[in-house]
Amino acid sequence: MARIQFSRGVDEDVVPDVSLTRARDGSNGKATFYFQNPNALSNSSTDSITGMYLIDEEGELVTREVNAKFINGQPEALEATYIIRSAEDWDRFMRFMQRYAADHGLEFSKS
């Protein structure tokens, strides 16, 4: 089963909005994940957030680019960016996303 974690061992139940960009030649890209009111922010401290871990049967993809969004001093959302550096990385990321989409009822739509 494909899952996302912000702290090792703690699955995030909130399904994110994900936007993808890719270079025309396919050499690199970027995935931006936006989690509105994620469980990772429900505890009293955001210190336990160590990155975003995309985990499936092939292994783990990791990014440390995770930012909290605050409204009136309260954490409201998390935004994480995963940088894709090669065509092989793109293929691996898309395999993860296909598994995650199947497990969580997501669908792809072009802009």
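Data block above holds the structure.
Parameters at a glance
- Residues numbered from 1 in each chain as written.
- Predicted model: local features only at pLDDT ≥ 70, side-chain atom pairs only at ≥ 80, totals over all residues.
- Heavy atoms only, no water.
- Helix = DSSP H or I, 4+ residues; strand = E, 2+ residues; numbered from the N terminus.
- Rg over C-alpha atoms; globule rule 2.2 N^0.38 Å.
- Contact = heavy atoms within 4.5 Å.
- Areas by Shrake-Rupley, 256 points an atom, 1.4 Å probe, with all protein chains shown as cover.
- Lys, Arg positive; Asp, Glu negative; His and termini not counted.
- Charge placed at Lys NZ, Arg CZ, Asp CG, Glu CD.
- Pairing = 2+ DSSP bridges.
- Axes fitted to C-alpha atoms, helices over the stretch in contact; angles between N-to-C directions.
- Core = buried A, V, L, I, M, F, W, Y, C linked by side-chain atoms within 4.5 Å.
- Buried < 20%, exposed > 50% of the residue type's maximum accessible area, 1.4 Å probe, protein only.

Draft legend 1. Quick peek at the overall build of the chain. When its secondary structure is counted, the chain shows one helix and eight strands. Its helices and strands taken in sequence order, the chain reads β-β-β-β-β-β-β-β-α from the N to the C terminus. For the chain, whose C-alpha radius of gyration is 14 Å, the value lies close to the compact-globule estimate of 13 Å for 111 residues. Principal-axis analysis of the C-alpha atoms places the extent of the chain at approximately 40 × 30 × 25 Å. Of all intrachain contacts in the chain linking residues separated by at least 6 positions in sequence, the fraction that spans at least 24 positions is 63%. Surface accessibility of the chain: about 6,800 Å² in total, with carbon and sulfur atoms responsible for 45%. In the chain, which carries 12 positive and 18 negative side-chain charges, the distance between the mean positions of the two groups comes to 6 Å.

Draft legend 2. Structural view of the sheet that holds strand S4 (residues 29-36). Pairing is antiparallel in the open sheet, where four strands are placed in the order S3-S4-S8-S7. The strands lining the two open edges of the sheet, one partner per strand, are strand S3 (17-22) and strand S7 (66-71). Neighbour to neighbour, the strand axes of the sheet diverge by 20° on average, direction disregarded. Where S4 meets strand S8 (residues 74-84), eight bridges bridge the pair, whose relative direction is antiparallel. Bridge pairing in S8 links Phe 33 to Ala 80.

Draft legend 3. The nonpolar core, seen in detail. In terms of nonpolar packing, the biggest core is built from 23 residues, with Phe 33, Met 52 and Phe 93 touching the most fellow members. Secondary-structure elements contributing two or more residues to this core are strand S1 (3-7), S4, strand S5 (52-56), S8 and helix H1 (87-104). Among the elements that take part in this core, H1 stands out by supplying five residues, more than any other. Not counting chain neighbours up to four residues away, the residues in contact with Phe 93 comprise Leu 20, Ala 31, Phe 33, Leu 54, Leu 61, Tyr 82 and Ile 84.

Draft legend 4. Layout of unusual backbone geometry. Of note, the phi angle at Asn 37 is positive, near 50°, even though the residue is not glycine. Structurally, Asn 37 is set in the loop between S4 and S5. Asn 37 sits in the partly exposed class, given a relative accessible area of 43%. For Asn 72, which is not glycine, the phi torsion reads 55° and is therefore positive. Here Asn 72 is to be found in the loop between S7 and S8. Overall, the relative accessible area of 77% leaves Asn 72 in the exposed class.

No statement about biological role is implied by the geometric values presented.
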